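Listed here are the chains, written in short residue letters.
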Amino acid sequence: MGVAGLVLAAGAGRRYGMPKALVRHEGQLFVERAADTLRQAGCDRVLVVLGAAADEVRAAAPGLPETVVNPDWETGMASSLRTGLTTLTQAPSEQAPEEPTAVVVMLVDMPGVSAEAVRRIVAHATPGALVMGGYHGRRGHPVLLGRDHWAAISTTATGDRGARDYLRTQEVLVVDVGDVADDEDFDFPGNLSAAGDH
């Protein structure tokens, strides 16, 4: 069984002023970049969770892989994570008919996370694995969640904290990716401009 990729792209981006799935950076929308990163890293199935402006995102990015809409996106990231995990469990795709061993979670507003970083995380995938990217002593994205943990994560995830509280109670493998990735999240237009938006 393979590893799935999950892009959480449902938020309205209130601080940014627009849904971050629709932000264009270096010739691509954030949502396209995140999905492409997971595909380039070799994920067997890539699922994008949409919410705010879902129809607009689909129209603007027709080349996206599989998408699903989180009807409760306004409640925060946790509901999008649950939507993604439920879809991966209950709705197999033609490309990946079996439940994955694990899933790599990407947030839509972290364009600096690279395919090489994802590959390093995926190398440690097992059903019981919990893996996070390491950035010079700090834990960050991408995050790999072995399928043995999905039920507990779905139960405990709340608001915008996603799996954070669950991960704090478990043994997590941290894999250094700081030399090939940057997990800065872009909450405001200003820091994207500073990063060289085209």
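Going along each chain's sequence as written, the residues are numbered from 1 onward. Where totals are concerned, whole chains, interfaces and linings use all residues; where local detail is concerned, this predicted model gives features only for residues with pLDDT of at least 70, and gives and counts side-chain atom pairs only at 80 or more. The side-chain values count all of the structure's non-hydrogen atoms but skip hydrogen atoms and water molecules.

1. Some details on the side chain of Asp109
Which entries qualify depends on this criterion: Each helix corresponds to a stretch of at least 4 residues labelled H or I by DSSP, and each strand to a stretch of at least 2 residues labelled E; elements are numbered beginning at the N terminus. Exposure categories follow from relative accessible area, calculated using a 1.4 Å probe and restricted to protein chains: below 20% of the type maximum is buried, above 50% is exposed, and the middle band is partly exposed. Any pair of N or O atoms that falls within 3.5 Å is considered a polar contact. Within protein, one atom must be able to donate a hydrogen and the other to accept it, and sequence-neighbouring residues count only if both atoms are side-chain atoms.
Tracing the backbone through its elements, the reader meets Asp109 in the loop between strand S6 (102-107) and helix H4 (115-122). By relative accessible area, which is 8% here, Asp109 ends up buried. Side-chain polar atoms of Asp109 contact the side chain of Lys20, separated by 2.7 Å.

2. So, the environment of Leu88
Selection rule: Should any heavy atoms of two residues lie within 4.5 Å, those residues are considered in contact.
Its location among the elements puts Leu88 in helix H3 (residues 77-90). Looking at Leu88, the relative accessible area reads 1%, which means it is buried. Not counting residues up to four positions away in its chain, the partners in contact with Leu88 are Ala4, Arg45, Leu47, Glu99, Pro100, Val103 and Trp150.

3. Quick word on the sheet that holds strand S1 (residues 3-9)
Whether parallel or antiparallel, the strands of a sheet pair through hydrogen bonds between backbone atoms. So the rule is basically this: Strand pairing is assigned whenever DSSP detects at least two bridges linking the two strands. To get an axis, fit a line to the C-alpha atoms, keeping to the stretch in contact for a helix; angles then go from 0 to 180 degrees between the N-to-C directions.
As summarised here, the arrangement of the 7 strands in space is S5-S4-S1-S6-S8-S7-S9, forming an open sheet in which the pairing is mixed. Single-partner strands in this sheet number two, and they are strand S5 (66-69) and strand S9 (173-176). On average, each strand axis in the sheet is inclined to that of its neighbour by 30°, with strand direction left out of account. Bridge count between strand S7 (residues 130-135) and S9: 4 bridges; the pairing is parallel. Note that in S9 the partner of Gly133 across the bridge is Val175. The sheet strands contacting helix H1 (residues 30-40) are S1, strand S4 (45-50) and S6, and the helix crosses S1 at an angle near 170°. Running at roughly 145° to S4, H3 makes contact with S1, S4, S5, S6 and strand S8 (138-146) of the sheet.

4. Brief notes about unusual backbone geometry
A cis geometry characterises the amide bond from His141 onward to Pro142, with omega recorded as 5°. With respect to the secondary-structure elements, Pro142 resides in strand S8. For Ala53, which is not glycine, the phi torsion reads 55° and is therefore positive. Note that Ala53 resides in the loop between S4 and helix H2 (54-60). Residues other than glycine seldom take positive phi values, yet His136 does so here, at roughly 55°. With respect to the element layout, His136 can be found in the loop between S7 and S8.

5. Considering the nonpolar core
Definition in use: To define a nonpolar core, start from buried Ala, Val, Leu, Ile, Met, Phe, Trp, Tyr and Cys residues and group those joined through side-chain atoms within 4.5 Å.
Ranked by internal contacts, the top residues of the largest apolar core, which has 62 residues, are Val31, Leu81, Val103 and Leu145. Here Leu145 is in contact with Leu81, Ala102, Val103, Val105, Ala129, Leu130, Trp150, Ile153 and Leu167, once residues within four sequence places are set aside.

6. Observations concerning the side chain of Asn70
Take Asn70: it is sitting in the loop between S5 and H3. Within the structure, the side chain of Asn70 is placed 2.9 Å from the backbone nitrogen of Asp72, a separation counted as a polar contact. Excluding anything up to four places from it in sequence, Asn70 contacts Val49, Leu50, Gly51, Ser79, Ser80 and Thr83.

7. Topic: empty space enclosed by the protein
Definition in use: Put simply, the grid is 1 Å and covers the protein atoms alone, a cavity is a trapped set of points that fit a 1.4 Å probe, a pocket is an open set with protein on both sides within 12 Å along at least five of seven lines, and lining residues have an atom within 4 Å of a point. Grid points are joined across faces, edges and corners, and a volume is the space filled by probe spheres set on the points. By the convention adopted, Pro, Cys, Tyr, Trp, Phe, Met, Ile, Leu, Val and Ala count as nonpolar, Lys, Arg, Asp and Glu as charged, and the other residues, Gly among them, as polar.
A full pass over the atoms with the stated rule returns 1 cavity of 30 Å³ or more. Of the pockets and cavities examined, the largest cavity occupies roughly 50 Å³. In terms of lining residues, the largest cavity is bounded by Phe30, Arg33, Ala34, Thr37, Met106, Leu107, Val108, Met110, Pro111 and Val113. For the lining of the largest cavity, the secondary structure elements donating two or more residues are H1 and S6. Looking at which element gives the most residues to the lining of the largest cavity, the answer is H1, with 4 residues. Considered class by class, the residues forming the lining of the largest cavity number 8 nonpolar, 1 polar and 1 charged.

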